Amino acid sequence: MSFGPLKAFNLVKDSATNMSKGYAFCEYVDPGVTDAAIQGLNGMQLGEKKLVVQLASVGAKMPISQNPTAPVTIQVPGFTLSGAGPATDVLCLLNMVMEEELRDDDEYEDILEDVREECNKYGNVKSLEIPRPIPGVDVPGVGKIYVEFMSIADCQKAQQALTGRKFANRVVVTSYFDPDRYHRREF
C-alpha cells in the first residue's frame, strides 16, 4: 500500500564518505497522510532491522495533530541505502523476500516470475537479479531484488508505483542502484 506521492525526500549522508547515516526525511504532497505513513511504516521489518519512523522535530516536540506538515523521519539502524539519490535504470527492491524463501527452487522461480510480471506493468524489464543464499558463503545482496529497465523513465514509473506497496505482507522499500555496480554484480 502506498501512502501517496512525496513532496521531498532527503537521505542524510556523511559529507566525508558520502555514505548514508542511516536516516532520512520525507514530506508528503498531502500532509494528511503523514499519520498513516508513520503508523504503517514504524516498526516495519526490513531484513534483520526494523524501521523507526516518527515525526521530525525541530526543538520542542509537538504532537502530530498540532503540526501535520512536519517532515517524517525514517531511520533504519545499521542500514544504509546506497542509491536513494539520482534516478538510474536499475531499481533495488528491499523487504520483499527473505533468505529462506530463496532457498526453495520452486518458490524462487515463482518470485522471479511475479516480480518480472509486476515490473513489466511499468516499463520494459531488461534483466532481473535476485541473489540466492549459498550454504557457507556470504552472498552479497541476498534479500534484495535488482530490476534493470530499458530506460530511466520506466524505472522511475516502477519506483513510484512499487514504493510502499505490500508484497507477502511486507512493505516494499525501493532505491535506485548504480548500473555499473549492477553489471559487475557488486550487490
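It should be noted that the structure appears before, not after, this text.
So, here is what we can say about the structure in this document. Owing to the predicted nature of the structure, the values given are computational and were not obtained by experimental measurement.

Considering the pattern of salt bridges
And then number 1: The full count for this structure, using the stated rule, is six salt bridges.
And then number 2: For arginine 103, the salt bridge is made with glutamate 99, and the minimal N-O distance between the two is 2.8 Å. Taken together, the positions of arginine 103 and glutamate 99, both in helix H2 (residues 99-103) and four residues apart, correspond to about one turn of that helix.
And then number 3: Note on arginine 103: relative accessible area 53%, which makes it exposed.
And then number 4: Across the salt bridge formed by arginine 132 and aspartate 105, the nearest N and O atoms sit 2.8 Å from each other. One end of the pair, arginine 132, is in the loop between strand S8 (125-129) and strand S9 (145-149); the other, aspartate 105, is in helix H3 (residues 105-119), with 27 residues separating them in the sequence.
And then number 5: For arginine 132, a relative accessible area of 25% puts it in the partly exposed group.

Details of the sheet that holds strand S7 (residues 90-94)
And then number 1: Strand order in the open sheet made by the four strands is S8-S9-S7-S12, with antiparallel pairing throughout. The sheet is open, and its two borders are formed by S8 and strand S12 (173-177), each paired with just one other strand. Pairs of neighbouring strands in the sheet enclose a mean axial angle of 25°, with direction left out of account.
And then number 2: Alignment of S8 against S9, held across four bridges, turns out to be antiparallel. If you follow valine 125 over to S9, its bridge partner there is phenylalanine 149.
And then number 3: Sheet strands in contact with helix H4 (residues 152-162) are S7, S9 and S12, and its direction is about 20° off that of S7.

Calculation criteria
Residues numbered from 1 in each chain as written. Predicted model: local features only at pLDDT ≥ 70, side-chain atom pairs only at ≥ 80, totals over all residues. Heavy atoms only, no water. Salt bridge = Lys/Arg side-chain N within 4 Å of Asp/Glu carboxyl O. Helix = DSSP H or I, 4+ residues; strand = E, 2+ residues; numbered from the N terminus. Buried < 20%, exposed > 50% of the residue type's maximum accessible area, 1.4 Å probe, protein only. Pairing = 2+ DSSP bridges. Axes fitted to C-alpha atoms, helices over the stretch in contact; angles between N-to-C directions. Contact = heavy atoms within 4.5 Å.

Note that all results are geometric; they support no functional claim without further evidence.
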